[in-house]
Amino acid sequence: MNTQTLTEPASATARRPLSVQLREALPSALRKLDPRALLASPVMLVVELGAVLTTVMTVVDPGTTSVGVTIWLWLTVLFGNLAEAVAEGRGKAQADSLRALQEETTAYRLTGRPDPARGSLLDRPAEVVPSTSLRPGDLVVVTAGERIPGDGDVVEGVASVDESAVTGESAPVIRESGGDRSAVTGGTIVLSDRIVVRISSEPGHSFVDRMIALVEGSERQRTPNEIALNVLLTSLTAIFLVVVVTLYFIADHSDAGQSVLVLTALLVCLIPTTISALLSAIGIAGMDRLLQRNVLAMSGRAVEAAGDVDVLLLDKTGTITLGNRQACAMLPVAEVPDADLADAALLSSLADETPEGRSIVALVRGDDARPPVPATATLVPFSASTRMSGVDLPGRSVRKGAASAVSRWVEEQRGVVSHQVGELVEGISRSGGTPLVVAEQRAGEEPRVLGVVHLKDVVKPGMRERFAELRSMGIRTVMVTGDNATTAAAIAEEAGVDDVLAEATPEDKLALIRREQEGGRMVAMCGDGTNDAPALAQADVGVAMNTGTTAAKEAGNMVDLDSDPTKLIDVVEIGKQLLITRGALTTFSVANDVAKYFAILPAMFVVAFPGLDVLNVMRLSSPESAILSAVIFNALVIVALIPLALRGVRYRPSSAAALLNRNLLIYGVGGIVAPFVGIKLIDLLVSTLPGA
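Note that this is a predicted model, so its numbers are computed, not measured.

Criteria and cut-off values
- Residues numbered from 1 in each chain as written.
- Predicted model: local features only at pLDDT ≥ 70, side-chain atom pairs only at ≥ 80, totals over all residues.
- Heavy atoms only, no water.
- Core = buried A, V, L, I, M, F, W, Y, C linked by side-chain atoms within 4.5 Å.
- Buried < 20%, exposed > 50% of the residue type's maximum accessible area, 1.4 Å probe, protein only.
- Contact = heavy atoms within 4.5 Å.
- Axes fitted to C-alpha atoms, helices over the stretch in contact; angles between N-to-C directions.
- Helix = DSSP H or I, 4+ residues; strand = E, 2+ residues; numbered from the N terminus.
- Parallel < 35°, antiparallel > 145°, perpendicular 65-115°, else oblique.
- Left-handed = near helix turned anticlockwise from the far one by under 90°.
- Nonpolar A, V, L, I, M, F, W, Y, C, P; charged D, E, K, R; others polar.
- Pairing = 2+ DSSP bridges.

1. A short note on the nonpolar core
Core analysis: the biggest nonpolar cluster contains 112 residues, and Leu278, Leu312, Phe467, Val541 and Met558 have the highest contact counts within it. If we ignore the near neighbours within four places in the chain, the residues touching Leu278 are Ala83, Leu585, Ile638, Leu641, Ile642 and Ala645. Ranked by size, the runner-up nonpolar core spans 35 residues in total, among them Leu350, Leu393, Ala403 and Ala439.

Here is the structure:
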């Protein structure tokens, strides 16, 4: 089956040349010149007002410098809008691919009240209605080949569902009533069987609707840190505005009067235009990088919070370990031949369809092929209540299962469990494995334990190294598992996690999150079940699995479309990359503005105050050339930094101090050096223009 992943449109857009992306985003950037669109960015609004003022002055008194300054002030605003428009353009490509799921479909809504005589909900009468008329609580029947008309939960039946349009995964998934695999997404297609779905969302408020709004940016809310930085930038702009207005009177009093055009250029070059122009694009690009990994963030705040995480809660099974425990050894008790234990373990696994049971067959036979079941055998399947499986043959019964369950079976048949069995079980548990005890009873004999099968839950390759990286970032990892404390401690030691919560219940997990938060720490976790919903809602970063329940997806602030719990580590790294990118470009912007003082201030006042010539380290051609060169550089640096804002600063796991020193060295020093080089080169070109 050929499918297109949700992230393919954005990835294809991101791979195209930047010049193409800029050209396609130009119409949107021009529309953003509307002052009402700039109200959210006061710094760029001041630049636009300055451009309007210099435009009026140029019309009244045209000149080479005034025309040049006016054009480049308008380009400064346009380039700032362009950064945001390019970032939004990537999201629009994803949204277009999702709109195909919003087509109105026909739904078969069940009517009438439940009739006990009819039994199954599938037997109730149904009416044909458009999907847009469905409301939460409505029950609809969906059969093979039909599109699910809305978000909901399967309340009856089981079916395979094609969710490739949302997740990008071509393999169908099983959706069934009850448990943690009941949630379905509107627009996905049922491939087999029939199911009854209880609708859970209003029209226009489905999961796909939310995805479209988020990737397009129409529901993007500024994060607390972004708002705080914007307030700081606005305050700096207000201060510089007061300074420039004051300079007008000081210069006039000192017989070094400056035109409004020059002062406007000075103001635009001194205020933090660079970071203000890129701030929104950095936030949108952060959410886009998550979406390229098939993780949907419900808000920018969630991405930002991921970058501040101190504690990472990770489930053991499927996250730290491979999840499928494999039989790796058979340990017979004294005087029991290895062949007897292997034969009994094989027979007892004939009715065990779990991965563990299949691994025992593979260990004994050397392949996955199951031997034929003896015609006289009665299979005893594994169940959660008995915690055993086995087989009954004429004159012989074999059982395999949890140590406590098999020991109880032996004792109920008046047998005795030796101390050696307990020692073997304890040894396997201490090593991080899971013991399965094998016992048999032959006609006329007392039941006896033959030995123990060692199941090993394999830690995923590279996990110890990844946890070491997280530790270097100051993040504490906690493994959460339902295993006993001995087994949990052994797995934790092998994986290299910092702490472990054993025999954990949903209440224990919620209590742990609250304790960590009360200590001032930020917590991230993932989950997929209804019982995970309280903890997902409590966590600062709650990543819900797409295969999970509706309650879990509504409680979390992120959804992993691939349902891969290890993605939580990637989420944290992307969040940190977002914060580092914002910090690095802010550092560059401030350092950049400092360097511009040496270009403009000497040019403005060196005639009246010859002593300022010592600051004219750039030795620019003329005051007019200096001012125009600084304005041009101020605009071009925005375009130059757009790729970095969209891509993000490269992230290397290290301590906060090391990251700070690196950013100060690269972006602090670089922010000072770049204007000296750039403005000087531009001045060499500008000085060749007539009248400059």
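2. With respect to the packing of helix α8 (residues 260-270) against helix α20 (residues 567-605)
One way to put it is that α8 packs onto α20 with a least axis distance of 9 Å and a crossing angle of 165°. Taken as axis vectors, α8 and α20 run roughly antiparallel relative to one another. By crossing handedness, the relation of α8 to α20 is classed as left-handed. Where α8 abuts α20, its residues Val262, Leu263, Ala265, Leu266, Cys269 and Leu270 lie against Asp593, Lys596, Tyr597, Ile600, Leu601 and Met604. Classifying every residue of the contact of α8 with α20 gives 10 nonpolar, no polar and two charged.

3. Topic: the pairing of strand β1 (residues 106-110)
Of the strand pairs in this sheet, β1 and strand β2 (residues 126-130) are connected by five bridges, and their pairing is antiparallel. The partner of Ala107 across the bridge, within β2, is Val129. Of the pairings in the sheet, the one linking β1 to strand β3 (residues 139-143) comprises two bridges and is antiparallel in character. Counted as the bridge partner of Arg109 is Val140 from β3.

4. Regarding helix α16 (residues 485-495)
Within α16, burial applies to Thr487, Ala488, Ala490, Ile491, Ala492 and Ala495. Against α14 (419-430), α15 (463-472), β17 (476-480) and β18 (499-501) lie the buried residues of α16. Positive backbone phi, at 90°, marks Gly496, one or two positions downstream of α16.

5. Let's talk about the side chain of Thr264
One can find Thr264 in helix α8. For Thr264, the residues in contact, after removing those within four places along its chain, are Gly50, Leu53, Thr54 and Leu73.

6. Structural notes on the environment of Leu241
Note that Leu241 resides in helix α7 (residues 224-253). Taking the C-alpha atoms as reference points, Leu241 and Thr264, 23 residues apart in sequence, are found 9.3 Å from one another.

7. Let's talk about unusual backbone geometry
Among all residues except glycine, the phi angle is most often negative; among peptide bonds, the trans geometry is most common. Although it is not a glycine, Arg414 adopts a positive phi angle of roughly 65°. With respect to the element layout, Arg414 can be found in the loop between α13 (403-412) and α14. Its identity is not glycine, yet Glu503 carries a phi of approximately 50°, on the positive side.

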